[in-house]
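Results of the structural survey
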Amino acid sequence: MKRIIVSFLIALCSLMVSAQNGINFEHTSFNEACELAKQQNKLVFIDVYTQWCGPCLLMADEVFSLDKVGQAINGKFVSLKIDAEHGEGISFAKKYRVQSFPAYYFIDPETKEVLHRSGGRHDADKFLKIAACSMNPKLRSSYLYPEYEKGNRDPEFMFDYINGMDLSYDKKNQTKAIDELLKIKGDDLSDKILGEVFFNYISDRDHPLFKKFVTERAKMEKQYGKERVEKKLYKGYRWCRDTQRVSDLEDFKGKDYILAYHKLKSTIDKKDYETADKLVMDMFTNPSFDQKTVMTDIKFTAKSTFYKEVDKEWEKKCIKYLQYIAYNARDRNEGENHFNYAYILEKIIKENPEIHEYFPESITQEPETGKTKYSLRSPNLKKKPQR
């Protein structure tokens, strides 16, 4: 019996260990993390955050907690969280010149020198690319920046440098490098390096390379495939407000939706709300439109009623749209959809005293306890200090 209990406890412990998700952040000092990393032959990963930083919290909740991220990071890094405004984080941020949050530092535990740095909010896949770069000496920021400053303009190096600037949110240096690559490579989009840079990083439809891409569409589809070309066209013209310019383009997937949204915005501007309402409902029920995109755009349009005075007729219709999204969005865990619907209903209640008697005072007035404002802001976030 005792043997059975011991076996059960061992199995239970194994399950508990295997169930641990996400990055295993050590609760120790920076120096001790470096010592641990030396013992385990790993690098040190530092997540530098502040208590008021929204993207920091989102990365912690939505990315660092994922099982696939933990599996990729825990075997190669000793990980540590450092609050840049408290404890040893103050001196760390000063020594390593942390300027924005979240910041990610990959450090050699022997020398305590930065091998690679990045930052910002990313999805899991992009964060793992950042981490992977820290393991490759030719893709680390500690190599890319000095090598570029030395004058290395080899196209393959420039491609790695441009990718590295993207992962580091260094748009200024990325744009500069792309311009230099164009001078080296010219405008031949059939060139593999130039083509990849174009598809990944040049989205300005007025850029000379984008204009050439449009005129050489058949050639581009032959080399890169119709699906990739159409996605690029959609991305480039997604927010173009020149209806005629979009209409003149050869058809591509998403063009009809862009034009439909143009028509809706124009109709709203003219305050023809009955026609606008018909257009919105047609968009909601059109099977050829990506409904996630439709709901995102209509949600954005309807939310304008939160912050500015609009005609009551239009406000009522926006309530209907937010209700539709709350009821029909595929992601039932998307809290913002339900928040928007509840927020606008509460707003209407507060603005109409004749119906106050049907609701508790905590809705028509500020609640006596707890938070006084309805907000999606996490209670774990502190206010940003005044500098």
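Residues numbered from 1 in each chain as written. Predicted model: local features only at pLDDT ≥ 70, side-chain atom pairs only at ≥ 80, totals over all residues. Heavy atoms only, no water.

The next thing to look at is unusual backbone geometry. A cis amide bond links Phe 101 to the next residue, Pro 102, at an omega of -5°. Considering the arrangement of structural elements, one finds Pro 102 in the loop between helix 5 (88–95) and strand 4 (103–107). Its identity is not glycine, yet Asn 41 carries a phi of approximately 60°, on the positive side. Looking at the element boundaries, Asn 41 is found in the loop between helix 2 (30–40) and strand 2 (43–49). Of the residues examined, Asn 41 reaches a relative accessible area of 73% and is grouped as exposed. The phi dihedral of Lys 271 is positive, around 60°, even though this residue is not glycine. As for its position among the elements, Lys 271 is in the loop between helix 15 (255–269) and helix 16 (273–285). (Helix = DSSP H or I, 4+ residues; strand = E, 2+ residues; numbered from the N terminus. Buried < 20%, exposed > 50% of the residue type's maximum accessible area, 1.4 Å probe, protein only.)

So, on to helix 9 (residues 171–185). Spanning 15 residues, helix 9 covers 20 Å between terminal C-alpha atoms, matching the ideal 21 Å at 1.5 Å per step. Those residues of helix 9 that sit buried are Gln 174, Ala 177, Ile 178, Leu 181 and Leu 182. For helix 9, the angular spread of buried residues about the axis comes to 145°, placing them on one side. Among the exposed residues of helix 9, those pointing more than 90 degrees away from its buried face are Lys 172 and Lys 183. Elements in contact with the buried residues of helix 9: helix 7 (141–149), helix 8 (155–167), helix 10 (192–201) and helix 11 (208–215). (Expected span 1.5 Å × (residues − 1). Arc of directions from axis to C-beta. Contact = heavy atoms within 4.5 Å.)

Right, let's get into the state of the cysteines. Counting across every chain of the model gives 1 disulfide. The disulfide partner of Cys 53 is Cys 56, and the S-S distance across this bridge is 2.3 Å. Judged by the sign of its S-S torsion, about 85°, the bond between Cys 53 and Cys 56 is right-handed. For the residue pair Cys 53 and Cys 56, the accessibility class agrees, reading buried in each case. (Disulfide = S-S within 2.5 Å.)

On any regular strand, side chains alternate: one points to one face of the sheet, the next to the other face. For strand 4, the buried fraction is high: 5 of the 5 residues fall into the buried class. Residues Ala 103, Tyr 105 and Ile 107 of strand 4 are buried on one face, and the alternating residues Tyr 104 and Phe 106, pointing to the opposite face, are buried as well. Pairing of strand 4 with strand 5 (residues 114–119), which is carried by 5 bridges, proceeds in the antiparallel orientation. Each bridged residue has a counterpart across the sheet, and for Ala 103 the counterpart in strand 5 is Gly 119. With antiparallel pairing between neighbouring strands as the criterion, strand 4 and strand 5 make up a hairpin whose turn holds 6 residues, including Lys 112 at a positive phi of roughly 60°. (Pairing = 2+ DSSP bridges.)

Tyr 161, Phe 198, Leu 209, Phe 213, Val 229 and Tyr 237 are the most contacted members of the largest nonpolar core, which has 31 residues in total. When residues of this core are traced back to their parent elements, those giving at least two are helix 7, helix 8, helix 9, helix 10, helix 11, helix 12 (217–224) and helix 13 (226–237). (Core = buried A, V, L, I, M, F, W, Y, C linked by side-chain atoms within 4.5 Å.)

Inspection of helix 5 places Gly 89, Phe 92 and Ala 93 among the buried residues, and these make up the whole buried set. For helix 5, the buried positions fall inside an angular range of 95° around the axis, keeping them on one side. With respect to the buried face of helix 5, the exposed residues turned more than 90 degrees away are Lys 94 and Lys 95. Where helix 5 is buried, its residues touch helix 2, strand 2, strand 3 (77–83) and strand 4. A positive phi of about 55° marks Arg 97, the residue just after helix 5.

All right, on to the pairing of strand 3 then. Along strand 3, 6 of the 7 residues are buried, which leaves the element largely enclosed by surrounding structure. Bridge count between strand 2 and strand 3: 7 bridges; the pairing is parallel. Counted as the bridge partner of Leu 43 is Phe 77 from strand 3.

To continue, consider the packing of helix 17 (residues 291–302) against helix 19 (residues 312–328). Each packed pair of helices is defined by two parameters, the angle between the axes and the distance between the axes. It is the contact of helix 17 with helix 19, at a shortest axis distance of 9 Å, that shows an interaxial angle of 145°. In terms of crossing hand, the pair formed by helix 17 and helix 19 is left-handed. Between helix 17, through Met 295, Ile 298, Lys 299, Thr 301 and Ala 302, and helix 19, the contact on the second element is made entirely by Trp 314, Cys 318, Tyr 321, Leu 322, Tyr 324, Ile 325 and Asn 328. Among the residues forming the contact of helix 17 with helix 19, the class breakdown is 9 nonpolar, 2 polar and 1 charged. (Axes fitted to C-alpha atoms, helices over the stretch in contact; angles between N-to-C directions. Left-handed = near helix turned anticlockwise from the far one by under 90°. Nonpolar A, V, L, I, M, F, W, Y, C, P; charged D, E, K, R; others polar.)

What the rule picks out here adds up to 29 salt bridges. Among the ionic pairs, Lys 68 bridges to Asp 125, the shortest N-O distance being 2.8 Å. Separated by 57 residues along the polypeptide, Lys 68 in helix 4 (residues 67–74) and Asp 125 in helix 6 (residues 124–135) bring together distant segments of the chain. Take Lys 68: its relative accessible area is 42%, and that puts it in the partly exposed class. Its salt-bridge partner being Glu 147, residue Lys 150 comes within 3.8 Å of it at the nearest N-O pair. In this structure Lys 150 comes out as exposed when scored by relative accessible area, which is 68%. (Salt bridge = Lys/Arg side-chain N within 4 Å of Asp/Glu carboxyl O.)

Turning next to the confidence of the model for the chain. For the chain, the mean per-residue pLDDT works out to 92, and 95% of the residues sit at or above 70. This stretch, residues 4–19, has a pLDDT under 50; its non-local contacts, to residues over four places away or in other chains, come to 0 contacts. (pLDDT = per-residue confidence, 0-100.)

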